[in-house]
Amino acid sequence: MLLNVKSIRENAKKSLFTDINGDEHKWSFAYIFVKFIIPLISCSIVYLNDEKLMDDPKVIVMLLSLFSGLMFGVLIKIPDKFKDLEPKQNESKQEETKRMQVKNYLKLFMYSLSYSILVALFSIFFVILNSFFPFLILLDLSVYQFELDIQKIDVGATLLVILVIIYRILLVNYLLNFLFFIFRAVTNLYEFMLYEFNKIK
């Protein structure tokens, strides 16, 4: 199972710098956005909402559960679509290029959708943790101050604050990743649907 999770993550990462022709561009905008901008936004959101991260995390769980179920239903239908993209006789170079592009769109859609489901499950797990440890979201971090004097540092309080900050950053990061990869999946699905509609005469 862990190998499958790793494979999903690696494919999603690869999809960030792979275009519809199968060419790789290491420093694509999508890669930079996920690797640098989203973590920066996550840290900023946690910093700006130091009193309380959110009001009702249960709403997020319900929405993620709903989306995950719907996405899983779409995901299991993807293998059937690949059968329609097999090479055809007397296929022109332009038709072959378009077919390969659509096939790559479908792959990118599958990678993005699979990772979205995985991220949604991680997000749900993090919110469930909050049900057992409400302080992870409700703890007011603004009451804590940095202390430069080592002898005055409260080790217990310091560890608690670090734990809460890490938890909140990871939770927000997962939620933003979910939204980003859902957006990528929808755009790839749109391109595939255009291809399907163009086949209708």
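Procedures and definitions
Residues numbered from 1 in each chain as written. Predicted model: local features only at pLDDT ≥ 70, side-chain atom pairs only at ≥ 80, totals over all residues. Heavy atoms only, no water. Helix = DSSP H or I, 4+ residues; strand = E, 2+ residues; numbered from the N terminus. Buried < 20%, exposed > 50% of the residue type's maximum accessible area, 1.4 Å probe, protein only. Contact = heavy atoms within 4.5 Å. Areas by Shrake-Rupley, 256 points an atom, 1.4 Å probe, with all protein chains shown as cover. Patch = residues over 30% accessible without salt bridge, like charges linked within 9 Å, V, L, I, M, F, W, Y side chains within 5 Å. Salt bridge = Lys/Arg side-chain N within 4 Å of Asp/Glu carboxyl O. Lys, Arg positive; Asp, Glu negative; His and termini not counted. Charge placed at Lys NZ, Arg CZ, Asp CG, Glu CD. Bend = angle between axes of the 7 residues up to and from the residue. Core = buried A, V, L, I, M, F, W, Y, C linked by side-chain atoms within 4.5 Å. pLDDT = per-residue confidence, 0-100. Polar contact = N/O pair within 3.5 Å; in protein donor to acceptor, adjacent residues only side chain to side chain.

> Tell me about the overall build of the chain, residues and numbers included.
Each helix and strand counted, the chain has seven helices and zero strands in total. Written out in order from the N terminus, the α and β elements of the chain read α-α-α-α-α-α-α. Buried residues in the chain amount to 34% of all 201 residues. A separation threshold of at least 6 residues defines the contact pool for the chain, and within that pool the share at least 24 residues apart is 81%. As displayed, the chain has an accessible area near 13,200 Å², and 66% of this comes from carbon and sulfur atoms.

> Give me the lowdown on a positive patch on the surface, citing residues and values where you can.
On the surface, R9, K13, K26 and K35 cluster together into a patch of positive charge. Of note, R9 is situated in helix α1 (residues 2-16).

> Pulling in residues and values, what's your account of helix α2 (residues 29-48)?
The largest bend along α2 measures about 35° and falls at I37, with the proline P39 one to four residues further on. Within α2, burial applies to A30, Y31, V34, I38, S42 and V46.

> Explain the nonpolar core to me, using residue names and the numbers behind them.
L16, L53, L171, F178, F180 and F181 are the most contacted members of the largest nonpolar core, which has 44 residues in total. Considering every element that reaches this core, the biggest residue donor is helix α7 (residues 155-198), with 13 residues.

> Outline the confidence of the model for the chain, supporting the account with residue identities and numerical values.
Do not read the predicted coordinates in detail wherever pLDDT is low. Here the chain shows a mean pLDDT of 80. Residues at 70 or above account for 87%. At the low end of the mean pLDDT range in the chain sits helix α4 (residues 78-83), at 67; at the high end sits α2, at 90.

> I'd like a rundown of the side chain of S114, residues and numbers included.
Along the chain, S114 turns up in helix α5 (residues 93-132). A polar contact of 2.8 Å, which involves the side chain of S114, links it to the backbone oxygen of M110. Beyond its immediate stretch of four places on either side in the chain, S114 contacts I8 and L75.

> How would you sum up the environment of F192? Please name residues and give values.
Mapping F192 onto the fold places it in helix α7. Taking the C-alpha atoms as reference points, F192 and Q101, 91 residues apart in sequence, are found 9.3 Å from one another.

> Give a detailed account of the side chain of S42, specifying residues and quantitative values.
Along the chain, the position of S42 falls in helix α2. Each residue touching S42, except ones within four places of it in the same chain, is listed here: I169, V172, N173 and L176.

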